[in-house]
Amino acid sequence: MNILFLFCYLPDLDSNSGLFAQLINEFKENGHHVCVSAKGQDIAKTCVRQENDIDVLRIKCNDFTGVSSNVKKALAYQEYAVKQRYYTKKFFKNEKFDLIVSHSLPPELAYIAGGLKSYFKCPFYLIQTDFIWQDAVAFGYFSEKSPIALYYRFWEKKMFKKADFIGCPTKGNVSFIKKYYYNFIKDEQFDFLPFWQNEINVQPNYQLREEFGLKDKFVVIYGGSVGTAQRIEHVVELAEACKDYKDIAFVILGKGAYLDVIKGMVAEKQLENVIFKAFLPQDQYLSFLAACDVGMIILNERMATPNFPSKSLSYLNMRVPILAALDHTTDFGEYLEDNNAGLWGYSDDIPTLKKKLVSYYENKELREKVKENGYQLFKNHLTTQQAYQTIINKATNG
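Q: I keep staring at the pairing of strand β13 (residues 322-326) and nothing clicks. Help me out?
A: A regular strand places its side chains so that they alternate between the two faces of the sheet. The buried fraction of β13 amounts to 5 of the 5 residues, a majority that puts the element mostly inside the structure. Of the two faces of β13, the one lined by I322, A324 and L326 and the one lined by L323 and A325 are each fully buried. Where strand β12 (residues 294-298) lies against β13, 4 bridges are found, and the strand directions are parallel. When the bridges of β13 are listed, M296 appears paired with L323. Handedness of the crossover joining β12 and β13 through helix α11 (residues 311-317) is recorded here as right-handed. Sheet analysis places β13 next to strand β14 (residues 343-346), joined by 4 bridges and oriented parallel. Bridge assignment links A324 to a residue of β14, and that residue is W344. Taken together, β13, helix α12 (residues 332-338) and β14 form a β-α-β motif whose crossover is right-handed.

Right, dumping it as structure tokens:
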């Protein structure tokens, strides 16, 4: 098949890092002719270049990642939508595509994918990764009936109307979409498409653990962005609740706009069981992660849309037991339970999270069981090869 991939942010395909780069490379490895349209980073002009022997259109555009102003981000998305549709037609006008694949950004994706679907006369497979207006309403940025919400709802509705197939990472996503758009989306359009990852083979780095002063500790790690959306204060609250367990140490490894606030909370509470580390190079991070006892997932309890936390992939992949602090909407906790692949509680229910963590701490047999079940879940359902096969089967057989 000839396949066009549309993305906003996409790492260089030569690095093969990130789930979308890995997916694109998987299609290539399976003999498909692949072209890609994505935003460029620090490029002088829009151009097509070779990445892993794939034609990648890199589009020069204002940044919408790492932008603190929501207005600037929204305007950059709009600019990108116009440019991506225009330049993809211009640079790939001689291509004959059998399928367009895209995730659900920018918000104006329907303008891009709809126009290209008509131009290339081929079906469109939507990987549903982001809901825009629902979480913003839940966080109080604007009301459900505001002009901004209505604008995003307009484009969201058009996006689902343009999609021939919709890959959803959780079954809760399917129910959520049908709640709003039951009148025109058919059940057969949906595809269960959990997030994916290539298998990781690294050895645990216990020396690095020792360098961090964690030699004889039971290490609970959170690695990633430290922003207001993540509610990392719940990690601090959990650490405070567990301070009588002298062997348990919490490692917050990352950076973000909220990091100084979190450090201030730890200092105010005089917690000695929380350690902060800056981002490590990827290979060091993974080897350190493999040496940790529990990996934490944190979702803001106010989130209004079902999520599949992509952070869970590395934990499952590397046999790190998961403790998930989740919002009240996602069905990810039930997914872990159904597969005996992790423990969870609501992120604002610290007593339950403490109980689950202590059960890990006191029961090595439980940890070993969860490790193996989690890895089998990953191996059997969450590899890049399986995601590729799911998309191809749907696109081929409907």
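Q: It is not clear to me how the pairing of strand β9 (residues 218-223) should be interpreted in this structure. Could you clarify?
A: β9 sits mainly inside the fold: 6 of its 6 residues count as buried. Sheet topology note: the β9/strand β10 (residues 248-253) ladder contains 6 bridges and is parallel. Residue pairing for β10: I221 is matched across the bridge by V251. In this view, the connection linking β9 to its parallel neighbour β10 by way of helix α8 (residues 233-241) has right-handed handedness. In terms of strand pairing, β9 meets β12 through 2 bridges, oriented parallel. The residue of β12 that forms the bridge with I221 is G295.

Q: Any chance you could explain the packing of helix α1 (residues 19-29) against helix α15 (residues 384-397) here in plain terms?
A: A pair of packed helices is captured by two measures, namely the crossing angle of their axes and the spacing between those axes. It is at 9 Å that the axes of α1 and α15 come closest, and there the two elements cross at 70 degrees. In terms of their interaxial angle, α1 and α15 are classed as roughly perpendicular. Remark: the crossing between α1 and α15 carries right-handed chirality. Of the residues in α15, those touching α1 at Q22, L23, E26 and F27 are T384, Q385, A387, Y388, I391 and I392. The residue makeup of the contact of α1 with α15, split by class, is 6 nonpolar, 3 polar and 1 charged.

Q: Any chance you could explain the side chain of R367 here in plain terms?
A: In this fold, R367 is placed in helix α14 (residues 364-381). Of the side chains with opposite charge, D293 comes closest to the buried, unpaired R367, at an N-O distance of 4.8 Å. Beyond its immediate sequence surroundings of up to four residues, R367 is in contact with F218, D293, P321, Y360 and Y361.

Q: I'm lost on the environment of M318 in this one. Help?
A: The residue M318 is located in the loop between α11 and β13 in this model. For the pair M318 and G374, spaced 56 residues apart in sequence, the C-alpha separation works out to 8.9 Å. Discounting residues that sit within four places of it in the chain, M318 has contacts with I200, V202, L286, L289 and A290.

Q: Please explain the pattern of salt bridges as it appears in this structure.
A: A pair can form between side chains of opposite charge whenever their charged atoms are brought close. Going through the model one piece at a time under the given rule, you end up with 15 salt bridges. One salt bridge connects K28 with E29, and the closest N-O pair in it is separated by 3.8 Å. Judged by relative accessible area, K28 falls into the partly exposed class, the value being 23%. The exposure class of E29 is exposed, given its relative accessible area of 57%. When the shortest N-O distance is used, the salt bridge between E301 and R231 registers 3.0 Å.

Q: What is the right way to read the sheet that holds strand β1 (residues 2-6) from this model?
A: Sheet strands line up and pair through hydrogen bonds in the backbone, either parallel or antiparallel. The 8 strands are arranged β3-β4-β2-β1-β5-β6-β7-β8 in an open sheet whose pairing can be described as mixed. Each edge of the open sheet is held by one strand with a lone partner, namely β3 (47-51) and β8 (190-192). Averaged over all adjacent pairs, the angle separating strand axes in this sheet is 25 degrees, with direction ignored. In this sheet, strand β4 (residues 54-59) lies alongside β3 in antiparallel orientation, the contact comprising 5 bridges. Looking at β4, one finds that R49 is bridged to V56.

Conventions used here
Starting afresh in each chain, residues are numbered from 1 along the sequence in its written order. Only residues with pLDDT of at least 70 get local features here, since the model is predicted, and only at 80 or more are side-chain atom pairs given and counted; chain-wide, interface and lining totals rely on the full set of residues. Hydrogens and water molecules were not included; the side-chain quantities draw on all heavy atoms of the structure. A simple rule labels every residue: compare its accessible area, found with a 1.4 Å probe on the protein chains alone, to the largest value its type can have, and call it buried under 20%, exposed over 50%, or partly exposed in between. A run of DSSP states H or I qualifies as a helix once it reaches four residues; a run of E qualifies as a strand once it reaches two. Both are numbered from the N-terminal end. For two strands to pair, DSSP has to find at least two bridges joining them. With the strands aimed away from the viewer, a crossover counts as right-handed if its path from the first strand over the helix to the second runs clockwise. Only the stretch in contact is used when fitting a helix axis, every axis being a line fitted to C-alpha atoms; angles between N-to-C directions are given from 0 to 180 degrees. Just so you know how the angles are binned, under 35 degrees is roughly parallel, over 145 roughly antiparallel, 65 to 115 roughly perpendicular, and the rest oblique. Put simply, a crossing is left-handed when the front helix is turned counterclockwise from the back one by less than a right angle, and right-handed when it is turned clockwise. We call two residues in contact whenever any of their non-hydrogen atoms come within 4.5 Å of each other. Only Asp, Glu, Lys and Arg are considered charged, only Ala, Val, Leu, Ile, Met, Phe, Trp, Tyr, Cys and Pro nonpolar, and every remaining residue, Gly among them, polar. His is not counted, nor are the chain ends; Lys and Arg add positive charge and Asp and Glu add negative charge. Salt bridges, as used here, are contacts in which a Lys or Arg side-chain nitrogen is within 4 Å of a carboxyl oxygen on Asp or Glu.

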